[in-house]
Amino acid sequence: MFGLGAAAYLEAPAEPLLWPLAAAAATLAAAWALARRWNAPRRLIVLVSLAAFFMAGGLAAKLRSDRVAAPLMSGERIVRRVDGFVVDVASPGAGGQRLVVAPVAISGLAPERTPRRIRVTIGQNPIPAPGSAVHLRAMLGQPPPPAAPGSYDFARDAWFDSIGGVGFVTGDIGDVGLDAPPARLRIAMAVNAFRWRLAQRIFARMGPSSGGIGVAMVTGHEAWITQAQTDAMRASGLAHILSISGLHMAIVGGFVFGLARLAVAAWPWLALRAPGKKIAAIAGLLSVLAYLVISGAPPPAERSAITASVAFLAILFDRRAITLHGLAVAALLILAWKPEAAGEPGFQMSFAATAALVALAEAWPRPLKEISTPWWIRWPQAGLAWLAISVAASFVAGLATGPFAMQHFNRVAIWGLPANLAVEPLSSFVIMPFLAIGTALEPLGLGGPFLAVAGWGIDAMVAVANAFAGVHGAQRIVASAPPQVLVVAFLGLMMLCLWRGRLRWIGAPMALSIALWPRPEPPDAWIAADGATAAVRTGDAAVLLRTDAKRFGAELWARRRGLEPTTWSLYGCDRRVCVPATGAPVRLALAWSRKTPDAETLSGLCAAAEVVVVRGPRPERIPPLCNDTVLLTGEDFAQGGAAELYRHLDGWRIAWAQPLRGDRPWSHLLTADVTGDR
């Protein structure tokens, strides 16, 4: 309920005021306390407490949003000079390697309007190390709006990360002399610089074939992972291994825990005088915290570290380490620290998978241990039990994360279960343990042999991914369901995991609602938020008008609507315009230059098309041939963002992205670029 309250804040159509949220949360908390004091019926106490936590989640999200508020870039998207410090090397985007920069000065911006952080794609420039003071020129603008109406809002993520501008570097990156930054920023950059140096050493040790994945699994840096490896891991259902999450924390923490407990047991004097299990729990806790620092503390790693820490602390306080109560405490701590996690796919998937696995562990029968059983009977039994547990765990985790994967990523890996079963022994017993040992010894120059073994395991894992990804139909595209269906699926999963007795199975059809819910008819066309490109639907395919521009957004829209992106020659494009060819499913013309076309060119576009998109400003005089044509210009996109077009009777219905975002701090399109070339 705390998470649902935070999610309700994120999805609210308007920014709520702080004092009504605080008053409502305080009132419900007081009502809960009074109900307990007066021995009210248990059902009433439960309902009031759930309502109080729901409102507390909304209040926490509001407080967090106000705390991270920072200036956003405004004005046109233009080239600006930037002096600042490299905070970290971000994960690569569609355009290449990216940096997170703490700007000291940005040309044309007053100090009070300078963003706290910006993220820039650096192109072919060498990657500067975190902590470097740099001077660069970059085309900067505010974080991008959703790629399509109702799709994921990346600007919201940027808001909670205090990133107020994004763009790409237009020249070389140079050094510059700057005054020392604040102490907190110096510490963050020092940690990130250590991580980057460690990543470079690990990559140099492991080589290009396995080093990129090895570095990603240790430090979180994905700078050296090839596109072929990423595609194979996604198609085979193994992409979750590339992101530092619960799997990595569990393996590292469990490996150190087991190693420490074995070391205590191997020393009889210590084993008789010290609680070996608690000593091992402390070692596991410290290893998880160290891994969190080395990984750069991305959101999935933070969530996993908190969950693992709660488990180790439970051992220290003589409680069961793996219970749904422990998971609830961990989830509440995560959401209280960062309430925006409730709207992130990573948190939703990791929480659902962990809840399902813990529920499975609680329900799994525990057979009695035999006494004096011969090894030739005991070992096969243990192998069959391990196989059964592995199959059940992979199956249950896949079912739990499936609704979120379909809704957010629109991909279903058909062979994900067997691929994960094949890779699980490699990741659990070879890759992660040897990466952990190699990383710990690498600062001493002794990590080479262990990293080499981990590299062999990674090569084998990639071979498995390629084998399953190469099977025909290994991956299916699934259209997103209406947003409210995901809430129904989540509640169904929680009922299956938390409820006792046969009534829990009522949650099964709810959990499957994402797969069973009928999808609406896809739109006939899509136009990017700045009018720079478009795509049209023909059957189950999405035809991209410009394959070299805004491809990420076009493919994101296509997958969300269950369409396969294609590049058929149904439209002819030159340096300024695209016009429909014979047989085009939608006669759509696109003037994608920032300069408004002249009257003659615009008349030609209107004569050839039923929908004309002009990226630049609206012309002062509309040619007569355009009177019966749907004409969309830069002003329309500045106000509405991305658009979806539906053929409706003899006309067109247009759905805009911006109205669906509401009036929120991260949703304001500030003076979009409609003023022509610059």
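Just so it is clear, the structure is predicted and the values come from calculations on it, not from any experiment. (Residues numbered from 1 in each chain as written. Predicted model: local features only at pLDDT ≥ 70, side-chain atom pairs only at ≥ 80, totals over all residues. Heavy atoms only, no water.)

1. A word on a nonpolar patch on the surface
Consideration 1: Nonpolar side chains collect at one region of the surface, where M1, V46, L50, F53 and L332 lie side by side and expose about 390 Å² of accessible area between them.
Consideration 2: Ranked by residues supplied to the nonpolar patch, first place goes to helix α3 (residues 42–67) with three residues.
Consideration 3: Along the chain, L332 falls in helix α12 (residues 324–337).
Consideration 4: On the basis of relative accessible area, L332 is assigned to the partly exposed category, the value being 35%. (Patch = residues over 30% accessible without salt bridge, like charges linked within 9 Å, V, L, I, M, F, W, Y side chains within 5 Å. Areas by Shrake-Rupley, 256 points an atom, 1.4 Å probe, with all protein chains shown as cover. Salt bridge = Lys/Arg side-chain N within 4 Å of Asp/Glu carboxyl O. Helix = DSSP H or I, 4+ residues; strand = E, 2+ residues; numbered from the N terminus. Buried < 20%, exposed > 50% of the residue type's maximum accessible area, 1.4 Å probe, protein only.)

2. Comments concerning helix α20 (residues 551–560)
Consideration 1: In terms of burial, α20 is a largely internal element, seven of the 10 residues being buried.
Consideration 2: A positive phi of about 75° marks G562, the residue just after α20.

3. Points about unusual backbone geometry
Consideration 1: Residue S162 is not a glycine yet carries a positive backbone phi of 60°.
Consideration 2: Mapped onto the secondary structure, S162 falls in the loop between α4 (154–160) and β5 (163–169).
Consideration 3: Overall, the relative accessible area of 10% leaves S162 in the buried class.
Consideration 4: The backbone phi angle of N410 is positive, close to 55°, even though this residue is not glycine.
Consideration 5: Looking at the element boundaries, N410 is found in the loop between α14 (375–408) and β7 (411–413).
Consideration 6: Overall, N410 belongs to the buried group, its relative accessible area being 3%.

4. So, the sheet that holds strand β16 (residues 611–614)
Consideration 1: Spatial ordering of the open sheet is given by β13-β14-β15-β16-β17, a layout of five strands whose pairing is mixed. At either margin of the open sheet sits one strand with a lone partner, and together these are β13 (571–573) and β17 (630–632). Averaged over all pairs of adjacent strands, the angle between their axes in this sheet comes to 15°, without regard to strand direction.
Consideration 2: Bridge count between β16 and β17: three bridges; the pairing is parallel. Bridge assignment links V611 to a residue of β17, and that residue is V630. (Pairing = 2+ DSSP bridges. Axes fitted to C-alpha atoms, helices over the stretch in contact; angles between N-to-C directions.)

5. Some thoughts on the sheet that holds strand β12 (residues 564–566)
Consideration 1: Across the sheet, six strands lie side by side as β12-β11-β10-β9-β18-β19; this open sheet has mixed pairing. Looking at the sheet topology across the chains shown, the edges are occupied by β12 and β19 (651–656). On average, each strand axis in the sheet is tilted by 25° relative to the strand beside it, whichever way the strands run.
Consideration 2: In terms of strand pairing, strand β9 (residues 525–527) meets strand β10 (residues 534–538) through three bridges, oriented antiparallel.

6. Remarks on the confidence of the model for the chain
Consideration 1: A residue-level look at the chain finds 98% of positions with pLDDT of 70 or above and a mean pLDDT of 88.
Consideration 2: Taken together, the stretch residues 671–678 has pLDDT below 50 and engages in 20 contacts with residues farther than four places along the chain or on a different chain. (pLDDT = per-residue confidence, 0-100. Contact = heavy atoms within 4.5 Å.)

7. With respect to the side chain of S480
Consideration 1: With respect to the helices and strands, S480 occurs in the loop between β8 (475–477) and α17 (483–498).
Consideration 2: A polar side-chain atom of S480 sits 2.7 Å from a polar atom in the side chain of N410.
Consideration 3: In this structure, S480 is in contact with M406, Q407, N410, R519 and R560, ignoring residues within four places of it in sequence. (Polar contact = N/O pair within 3.5 Å; in protein donor to acceptor, adjacent residues only side chain to side chain.)

8. As for the nonpolar core
Consideration 1: Judged by nonpolar contacts, the single largest core of 47 residues is most densely connected at I213, L435 and M461.
Consideration 2: Contributions of two or more residues to this core are made by α5 (183–206), α6 (208–219), α7 (227–235), α8 (246–265), α10 (276–294), α11 (299–316), α15 (416–441) and α16 (448–469).
Consideration 3: Sorting elements by how many residues they give to this core places α16 first, with eight residues.
Consideration 4: Non-local contacts of L435, meaning those with residues more than four positions away in its chain, are made with M206, G214, M217, V218, L451 and A454. (Core = buried A, V, L, I, M, F, W, Y, C linked by side-chain atoms within 4.5 Å.)

9. As for the pattern of salt bridges
Consideration 1: On inspection of all chains with the given rule, the structure shows 17 salt bridges.
Consideration 2: Between R195 and D88 there is a salt bridge whose closest N-O contact spans 3.3 Å. Taken together, the residues R195 in helix α5 and D88 in strand β1 (residues 78–93) connect sequence positions 107 residues apart. Of the two residues examined, R195 and D88, each falls in the buried class.
Consideration 3: Among the salt bridges present, the one from E362 reaches R500, with a minimum N-O distance of 3.5 Å.

10. Topic: the packing of α5 against α16
Consideration 1: Closest axis-to-axis distance for the α5/α16 pair is 9 Å, and the angle between their directions is 70°. The orientation of α5 with respect to α16, classified from their angle, is roughly perpendicular. From α5, I202, R205 and M206 reach across to α16, where they touch G448, L451, A454, G455 and I458.
Consideration 2: Taken together, the residues of the contact of α5 with α16 break down into five nonpolar, two polar and one charged. (Parallel < 35°, antiparallel > 145°, perpendicular 65-115°, else oblique. Nonpolar A, V, L, I, M, F, W, Y, C, P; charged D, E, K, R; others polar.)

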